[in-house]
Amino acid sequence: MTDLLTVLLLVFIGISGGVAVGSGMVAFLVVLDIIPRLAQITRSFRHIRWFEGAVIGGSVCWTVLDFFDWRQSFYPMSAALIGLFAGCFVGMLAAALTEVINVLPILAKRIGMESVMAWLLMAMVFGKVLGSLLDWLIYMY
């Protein structure tokens, strides 16, 4: 019986984490208008469906590869190129987050949670810290 409860708790935590991360990513893309800006900068509005498909395809691909613990050996220069692209993505994400930081107060006001905004932020901070510590300090393979 406890095994079933443990499995159900893990399923609930996994789905909750997926919903939180997925909705955060979608909110991030929508609020910043990432895809329309990309189409505007490249002057290729007729290919906007390709951009959307690339974002969705990349998300699905890397999720599947993460589930199956995919590993690949690269030559040092190709790994450096992948690292360069990953660094550009993280840098652009960090820069864009400075614009998005006002999303939380707006969201809290719309759903009527402005009175508990500090608790909401602290729950997010402590959840992120706890999740990172569990990921870094506990070897779970």
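Residues numbered from 1 in each chain as written. Predicted model: local features only at pLDDT ≥ 70, side-chain atom pairs only at ≥ 80, totals over all residues. Heavy atoms only, no water.

Caption draft 1: Representation of the overall build of the protein in the model. When helices and strands are tallied, the protein shows six helices and zero strands. Helices and strands appear in the protein in the N-to-C order α-α-α-α-α-α. Of all 141 residues assigned to the protein, the portion counted as buried reaches 9%. Here the contacts in the protein between residues at least 6 apart in sequence split such that 33% fall between residues at least 24 apart. Working note: accessible area of the protein is about 12,300 Å², and carbon and sulfur atoms make up 74% of it. (Helix = DSSP H or I, 4+ residues; strand = E, 2+ residues; numbered from the N terminus. Buried < 20%, exposed > 50% of the residue type's maximum accessible area, 1.4 Å probe, protein only. Contact = heavy atoms within 4.5 Å. Areas by Shrake-Rupley, 256 points an atom, 1.4 Å probe, with all protein chains shown as cover.)

Caption draft 2: Up close: the packing of helix 2 (residues 34–42) against helix 3 (residues 48–67). Following both chains from N to C, one finds helix 2 and helix 3 inclined at 135 degrees, their axes separated by 10 Å at the closest point. The angle between helix 2 and helix 3 places the two elements in the oblique class. When you trace helix 2 past helix 3, the crossing you get is right-handed. Along the contact surface, helix 2 presents I35, P36, L38, A39 and T42, while helix 3 presents I48, F51, E52 and V55. A class-by-class count of the residues in the contact of helix 2 with helix 3 yields seven nonpolar, one polar and one charged. (Axes fitted to C-alpha atoms, helices over the stretch in contact; angles between N-to-C directions. Parallel < 35°, antiparallel > 145°, perpendicular 65-115°, else oblique. Left-handed = near helix turned anticlockwise from the far one by under 90°. Nonpolar A, V, L, I, M, F, W, Y, C, P; charged D, E, K, R; others polar.)

Caption draft 3: Expanded view of the environment of R49. Mapped onto the fold, R49 is located in helix 3. Of the polar contacts made by the side chain of R49, one reaches the side chain of E52; its length is 3.0 Å. (Polar contact = N/O pair within 3.5 Å; in protein donor to acceptor, adjacent residues only side chain to side chain.)

Caption draft 4: Layout of the pattern of salt bridges. Summed over the entire model, instances satisfying the criterion amount to one salt bridge. E52 is paired through a salt bridge with R49; the nearest N and O atoms lie 3.0 Å apart. One end of the pair is E52 and the other is R49, both in helix 3 and three residues apart, which spans about a single turn. (Salt bridge = Lys/Arg side-chain N within 4 Å of Asp/Glu carboxyl O.)

Caption draft 5: Region of interest: a nonpolar patch on the surface. There is a patch of nonpolar side chains on the surface, built from M122, V125, F126, V129, L130, L133, L134, W136, L137 and I138 and spanning about 1,000 Å² of accessible area. Take L134: it is sitting in helix 6 (residues 117–137). (Patch = residues over 30% accessible without salt bridge, like charges linked within 9 Å, V, L, I, M, F, W, Y side chains within 5 Å.)

Caption draft 6: How the structure looks around the side chain of S44. If you trace the backbone, S44 turns up in the loop between helix 2 and helix 3. Overall, S44 belongs to the buried group, its relative accessible area being 10%. Ignoring anything within four residues of it in the chain, the contact list for S44 reads A39 and F51.

Spatial relationships are all this shows, so hold off on functional conclusions.
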